[in-house]
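Architecture at a glance
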Amino acid sequence: MNDPKEFLEKATRFLQQQREMYGDFSVHVEEKHETESEQVQEPNTSYKSESQDHQQPEVSEEKKAEVEVRKSPAELIEECSTLEELRALCEEAEELKTDLEGTNLVFGVGNPNADLMIVGEAPGYNEDQQGEPFVGQAGQLLDKIMAAIKFKRSDIYIANILKHRPPDNRDPEPEERQRSLPYLLKQIELIDPKLILCVGRISATTLLDKETSLGNLRGTFHEFHGRELMVTYHPAALLYNQKYKRPTWEDVQLLRKRYDELGGQP
Ligand code: URA
């Protein structure tokens, strides 16, 4: 680097970053630069010697906590080894929020060791109020569909792509889905189900990372991170249009059959 002024600015920035991370050094970093002639003669006076560098400055608990806070969402997610830890992380995660203020976390519900996991789209009003997915009208229909293939709600695990309610029950934006996805993927990893049922196009296209119609995705099993994933209509769609009932019935029967073949419990 030929420009001494540029060198000194870079060195000062470096030391300021170090000070933010480790606290004050035993040396003093000037906030203001000295005259240009002084900079040229002594560009490096605020560095410690090489041997000093080997002595790690003592890091206070407070500073350690600050460094902890700076971990990326991916690192924090990676560190979770239980659903409880993941839930606690989700409680604090700003990136899970939508532009509707004051919503509650709707993390997921059910058997933490479930062999079947159902993934919906996003919480609605009732889900936000109760902090539980699929508790409104669509949820009651989902319970009936599951009962028809001999699952109790407590046998399975239910979650959504989004963990907070979007305003006016609008479709989650692609960017919102991508922000929430790493948390859901970790949730799936921790529950470790044999089968996943995506209800609705938003859930299916987000997990399968394919922009296509629900009609193109349903009726078959897809490979998903070493598991099998089936897609069917969202129960809310069935509430409005009878024509989706038969294909949904066919899908869930296939699902039950595969669950039994794979030795799903209970
Ligand atoms: N619709 C969803 O997709 N999820 C819910 O939790 C409720 C309605």
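What counts, and where the lines are drawn
- Residues numbered from 1 in each chain as written.
- Predicted model: local features only at pLDDT ≥ 70, side-chain atom pairs only at ≥ 80, totals over all residues.
- Heavy atoms only, no water.
- Helix = DSSP H or I, 4+ residues; strand = E, 2+ residues; numbered from the N terminus.
- Buried < 20%, exposed > 50% of the residue type's maximum accessible area, 1.4 Å probe, protein only.
- Polar contact = N/O pair within 3.5 Å; in protein donor to acceptor, adjacent residues only side chain to side chain.
- Contact = heavy atoms within 4.5 Å.
- Expected span 1.5 Å × (residues − 1).
- Arc of directions from axis to C-beta.

1. Side note on the side chain of Thr98
As for its position among the elements, Thr98 is in the loop between helix H6 (83–92) and strand E1 (109–110). What makes Thr98 buried here is its relative accessible area of 12%. For Thr98, the side chain forms a polar contact with the main-chain nitrogen of Leu100, separated by 3.2 Å. Only 2.7 Å separates the side chain of Thr98 from the backbone oxygen of Arg165, close enough to count as a polar contact. Not counting chain neighbours up to four residues away, the residues in contact with Thr98 comprise Leu162, His164, Arg165, Pro166, Pro167 and Glu176.

2. Quick look at helix H8 (residues 137–148)
Helix length check: H8, at 12 residues, gives a terminal C-alpha distance of 17 Å against a target of 16 Å (1.5 Å per residue), a fit within 8%. Along H8, the residues that are buried comprise Ala138, Gly139, Leu141, Leu142, Ile145 and Met146. Here the buried residues of H8 occupy an arc of 160 degrees about the axis, which is enough to place them on one side. Of the residues in H8, the exposed ones pointing more than 90 degrees away from the buried face are Gln137 and Lys144. In this structure, the buried side of H8 is in contact with strand E2 (116–120), strand E3 (157–160), strand E4 (195–199), helix H12 (235–240) and helix H13 (245–261). Count one or two residues on from H8 and you reach Lys150, which has phi positive near 65 degrees.

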